[in-house]
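One-letter residues, chain by chain:
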Amino acid sequence: MTDQGPAEPDRSTIRLALVVGGLVLAVLLGFGLGRLNDNGAVTGSPSLAAEHTDPPGVAPHNHGSATTTDQGAATEPGGLAVSSAGFTVVPLATEFAAGRPGQLRFQVRDAQRRPVTRFAIVHDKPMHLIVVRRDLTGYQHLHPTMAADGTWSVPLTLAQPGLWRAYADFTVVADNGAQTAVTLGTDLVAPGDYRPRPLPGPTTSTTVDGFTVGYEGTPQVGATVPLTFRVDGAGGAAPLERYLGAYGHLVALREGDLGYLHVHPETELVDGQIRFWLTTPGPGRYRLYLDFQVNAEVRTAEFTLTVP
Ligand SMILES: [Cu+2]
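The rules behind the values
Residues numbered from 1 in each chain as written. Predicted model: local features only at pLDDT ≥ 70, side-chain atom pairs only at ≥ 80, totals over all residues. Heavy atoms only, no water. Helix = DSSP H or I, 4+ residues; strand = E, 2+ residues; numbered from the N terminus. Buried < 20%, exposed > 50% of the residue type's maximum accessible area, 1.4 Å probe, protein only. Contact = heavy atoms within 4.5 Å. Areas by Shrake-Rupley, 256 points an atom, 1.4 Å probe, with all protein chains shown as cover. Donors = N, O, S within 2.8 Å, 3.2 Å for Na, K, Ca; no water. 1 Å grid on protein atoms, 1.4 Å probe; cavity = no way out; pocket = protein on both sides within 12 Å on 5 of 7 lines; lining within 4 Å. Points joined across faces, edges and corners; volume = space filled by probe spheres on them. Pairing = 2+ DSSP bridges.

Novice: What is the right way to read the overall build of the protein from this model?
Specialist: Summing up its helical and strand segments, the protein has two helices and 18 strands in all. The buried share of the protein, reckoned over its 308 residues, is 44%. If you take every contact in the protein between residues at least 6 apart in sequence, the share linking residues at least 24 apart comes to 63%. Only carbon and sulfur atoms are counted for the fraction: they give 55% of the accessible area of the protein, which is about 15100 Å².

Shown next, in the form of structure tokens:
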């Protein structure tokens, strides 16, 4: 371009060509950089994840978020999309016969459409699968097993007809060791006569299998606050056992879109009670599902929570 021959062309023409060429180059570069940023965000999360502050006693991770890369939007729920951060959940079949035992099989695929096979163990498991009907009934918390080709499978019964939501909550380990926590969601269907149940009214206490479960705490929009659960049996405080690396496992789902909230467990009991840190993304109604274990049996206590 700078090589100008003896028959010198009009300088203004050259200048114009340079300006246009520069613009084209700038646009192309912009595209390239944008793509690099997109790709970089998939695997470049550790620095962002490290900046994420966790409540005391909680190992740095971002459980339940759409991705670990959404640093600026850490309160946004996950589970709303089949694809996020370059990963896609692909169910092999989505239709189930209501009330009949079936098998859910799925893969997590990367941006190159290859099945992912390297997952980090988080809360004792490489994959947490939550299944709930769209009216927030029929909650199940399952742990599928993975075949060598990256296909996950787990026995699943959708007890009642309707549309159901399945959440795959996992952390991918990249070749360079970088970890990306993702919660993806996909719908399942059990054809039939769907009779949705209205969401029960808000409460902070409930009973399940003879246990009384109550909690204290006041979730606030955009804040991470402690929720402390107490479990009592016939003779007082129930002898809680470790379950999934803590003394309980809490899932919170938002009514309306079934967004899957951030929940951090405390790994040890606090005054004999189970404490979680919950981040509430906005006003609305939520359903809380507390899994706890006593005498080697896991039970689930459910609560409706209204956040003004
Ligand atoms: Cu789990």
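Novice: Just to check I follow, could you spell out the coordination of the copper ion for this structure?
Specialist: Angles between donor atoms at a metal ideally measure 109.5 degrees for a four-coordinate tetrahedral arrangement and either 90 or 180 degrees for a six-coordinate octahedral one. Surrounding the copper ion are the protein donor atoms H128 (ND1), H141 (NE2) and H143 (NE2), at 1.8 to 2.0 Å. We classify H141 as buried; its relative accessible area is 13%.

Novice: In this structure, what is going on with empty space enclosed by the protein? I would like to understand it.
Specialist: A water-sized probe, rolled over the atoms, reveals where empty space remains. For the structure shown, the criterion picks out four cavities of 30 Å³ or more. For the largest cavity, the calculated volume is near 60 Å³. Lining the largest cavity are V89, P91, L104, F106, L129, A166, Y167, A168, T186 and L188. The dominant element in the lining of the largest cavity, judged by the number of residues it contributes, is strand 8 (residues 162-173), at three residues.

Novice: Just checking my understanding: could you explain the pairing of strand 18 (residues 297-307) for this structure?
Specialist: On any regular strand, side chains alternate: one points to one face of the sheet, the next to the other face. Inspection of the sheet shows strand 17 (residues 284-294) paired to strand 18 by 11 bridges, in the antiparallel sense. Bridged to R285 within strand 18 is T306.

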